[in-house]
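Chain by chain, the residues run as shown.
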Amino acid sequence: MKVPKQITFPQDFIWGAATAAYQIEGAWDVGGKGESIWDRFSQTPGKIADGSTGNVACDHHQRWEDDLDLMQSLNLGAYRFSISWPRILPAGRGAVNEAGLDFYDQLVDGLLARGIRPFVTLYHWDLPQVLEDEGGWPARPTAEVFVEFADVVSRRLGDRVKDWVTHNEPWCTAFLGHMFGVHAPGYQDAAKTAASVHHTLLSHGWAVPVLRQNSPGARVGIVLNPMEVVSTTQSEADLRAAALQDGLTNRLFLDPLYGRGYPSDVVEYVSSQNGVAFDFVEPGDMDAIAAPTDFLGINMYTRIVIDTKNGARDPFQSVIDDGKERTEMGWEVYPPSLYNLLCRLYFDYKPASLFITENGASYSDGPDAAGRVDDSRRQTYIRDHLAQARRAIDAGVPLAGYFVWSLMDNFEWSHGYSQRFGIVWVDYETQQRIPKDSAFWYRDAIANNGFALPDPS
Ligand code: FCB
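Reference entry: report on the structure contained in this document.

Conventions and cut-offs
- Residues numbered from 1 in each chain as written.
- Predicted model: local features only at pLDDT ≥ 70, side-chain atom pairs only at ≥ 80, totals over all residues.
- Heavy atoms only, no water.
- Helix = DSSP H or I, 4+ residues; strand = E, 2+ residues; numbered from the N terminus.
- Rg over C-alpha atoms; globule rule 2.2 N^0.38 Å.
- Buried < 20%, exposed > 50% of the residue type's maximum accessible area, 1.4 Å probe, protein only.
- Contact = heavy atoms within 4.5 Å.
- Areas by Shrake-Rupley, 256 points an atom, 1.4 Å probe, with all protein chains shown as cover.
- Pairing = 2+ DSSP bridges.
- Salt bridge = Lys/Arg side-chain N within 4 Å of Asp/Glu carboxyl O.
- Axes fitted to C-alpha atoms, helices over the stretch in contact; angles between N-to-C directions.
- Phe/Tyr/Trp six-rings, centres within 6.5 Å; stacked < 30°, edge-to-face > 60°.
- Lys NZ or Arg CZ within 6 Å of the ring centre and 35° of its normal.

With that out of the way, let us pick up the overall build of the protein chain. Across its full length, the protein chain carries 15 helices and 14 strands. Scaling as 2.2 N^0.38, a compact globule of 457 residues should have a C-alpha radius of gyration of about 23 Å, and the protein chain matches this with 21 Å. Oriented by its inertia axes, the alpha-carbon framework of the protein chain measures out at about 65 × 60 × 45 Å. Sorting the 457 residues of the protein chain into buried and exposed places 61% on the buried side. The contacts in the protein chain between residues at least 6 apart in sequence include a share of 77% that link residues at least 24 apart. Counting only carbon and sulfur atoms, one obtains 50% of the accessible surface of the protein chain, whose full area is about 16,800 Å².

What follows is the structure, encoded as structure tokens:
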């Protein structure tokens, strides 16, 4: 007889869900908020696949109390959300918009009242437009102003928020925003990209002690989007390409954060290919970036498969039409990669602890006539990744928690509303929320601190 395997997590394992301000809040020009680079970018014709904006999004700015009740009904132990910088500092720096702080203040109180632990991300990509006009992340002063933002927010929330993330995926800020041009501010410029890598990391390092000071006993970390890189063959060309890809995606961020400086092969590549010198690095910067942290957060969705012969180097759509299982983003579904990644990150860099701060899948399954959303593919995706996370814990990785991306369908950046990652369906016409089957599965997994994995044979 086939017996399902029961997977159980450590007693203190944290089960959460994640969102980001621009993707759910709406209220883009309400309550004294300033303009962000994503307001500007999404309102520029041609930038977003479906022509949409985050102006309304999930209207969470008004519906936050109902959304908190929803989280509670799903047994969430933690909620990772981000703070809109221009809602707090409409001019990027200086005058504080108290109404903006009040919004997050009540959100934090509402979470705590429902027994949900707030995980705050300071920067999830919505830079004040005024700071972009002054040079944005390629300019060093932006790193200085980020510390002011971190200070203002943590002074207000630091007595209750004890888990802080400085940046979400600086790779995306730098590369998607400044190299590939698909995210705000939309440049295609290698020099701006390299400088953005440095200034986001530097701002992180500078903010760490400020957060610790304003939030006694807090755990402070950064969220990266590292990916396992594999090659289809062991040919010299494939192996070389894979090593470089690993450098650009992973080591460029991990090495400096863990005190190794920028990886020399990547620096050489960027200077020989793009003529970019790392001359923005000033004395003391690398020490600042390597400030000890309490955790490394990782957002994991897929892996990178290098196949130079078939010209496949794209980080996400590595080999198209290869028969692999993919989500609607085109991202390969390959759960064992999470185990490999967690082990590599921990045994190579030894972060004090790790969180999976995002993991999830885009599938557009919607409500049937009875209003039920059968999204079994998402449920399987989440279940199989959690099983790999458990394997990593068994191997000795101090993985402290898991956040599903996302609590609800939302504005998926350059894809607009055409990609749905939520465990809760959002009807954008009515703003109705409908928990999908994956949400009920997740609710029960949280209640049981684990789940049954069917016998694969
Ligand atoms: C991550 C982002 C998150 C969401 C998911 C799908 O890179 O951090 O905001 O867009 O991808």
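Strand E5 (residues 163–168) sits mainly inside the fold: six of its six residues count as buried. Pairing analysis gives four bridges linking strand E4 (residues 117–123) to E5, with the strands arranged parallel. For Thr121, the partnering residue across the bridge sits in E5 and is Val165. Note: E5 against strand E6 (residues 219–224), four bridges, orientation parallel. Bridging from a neighbouring strand, Asn168 pairs with Val223 of E6.

Looking at where Thr293 falls in the secondary structure, it is placed in the loop between helix H12 (285–289) and strand E8 (295–299). The exposure class of Thr293 is buried, given its relative accessible area of 17%. Setting aside chain neighbours within four positions, we find Thr293 in contact with His204, Val208, Arg212, Val220, Gly221, Tyr258 and Ala352.

Now for the pattern of salt bridges. Taken as a whole, this structure holds 38 salt bridges when the rule is applied. Close ionic contact of Arg156 with Asp105 constitutes a salt bridge, the shortest N to O distance being 3.1 Å. Placement of the pair is Arg156 in helix H7 (residues 140–157) and Asp105 in helix H5 (residues 98–113), with a sequence separation of 51 residues. Since its relative accessible area comes to 25%, Arg156 is described here as partly exposed. Among the charged side chains, a network of salt bridges with common partners joins Glu98, Asp102, Asp105, Asp109, Arg156, Asp159 and Arg160.

Now for the environment of Ile37. Relative to the elements of secondary structure, Ile37 occurs in helix H2 (residues 37–42). Classification of Ile37 by relative accessible area gives buried; the value is 4%. In this structure the C-alpha to C-alpha distance between Ile37 and Asp307, which are 270 residues apart in sequence, comes to 35 Å. Residue contacts for Ile37: discarding those within four places in its chain leaves Tyr123, Trp125, Leu127, Pro128, Gln129, Glu132, Ala184 and Pro185.

Ordered by their spatial adjacency, eight strands build a closed barrel running E2-E3-E4-E5-E6-E8-E10-E11, and the pairing between neighbours is parallel. Taken over all neighbouring pairs, the strand axes of this sheet differ in orientation by 25 degrees on average, direction set aside.

Aromatic ring pairs are defined here through the distance separating the ring centres and the angle between the ring planes. Tallying each qualifying case throughout the model produces 40 aromatic pairs. Seen from their ring centres, Trp85 and Tyr123 are 6.1 Å apart, and the 85 degrees between their planes marks the pair as edge-to-face. Taken together, the positions of Trp85 in helix H4 (residues 85–88) and Tyr123 in strand E4 put the pair 38 residues apart, joining distant regions of the chain. Look at Trp85 and you get buried, because its relative accessible area is 0%. Looking at Tyr123, the relative accessible area reads 1%, which means it is buried. An aromatic cluster of at least three residues, connected via ring pairs, comprises Tyr22, Trp38, Phe41, Trp125, Phe411, Trp413, Tyr417 and Tyr428. For Arg303, the ring lying beneath its charged end belongs to Tyr334, and the centroid distance is 3.7 Å. A cation over an aromatic ring shows up here: Arg391 above the ring of Tyr339, its NZ or CZ 3.7 Å from the ring centre.

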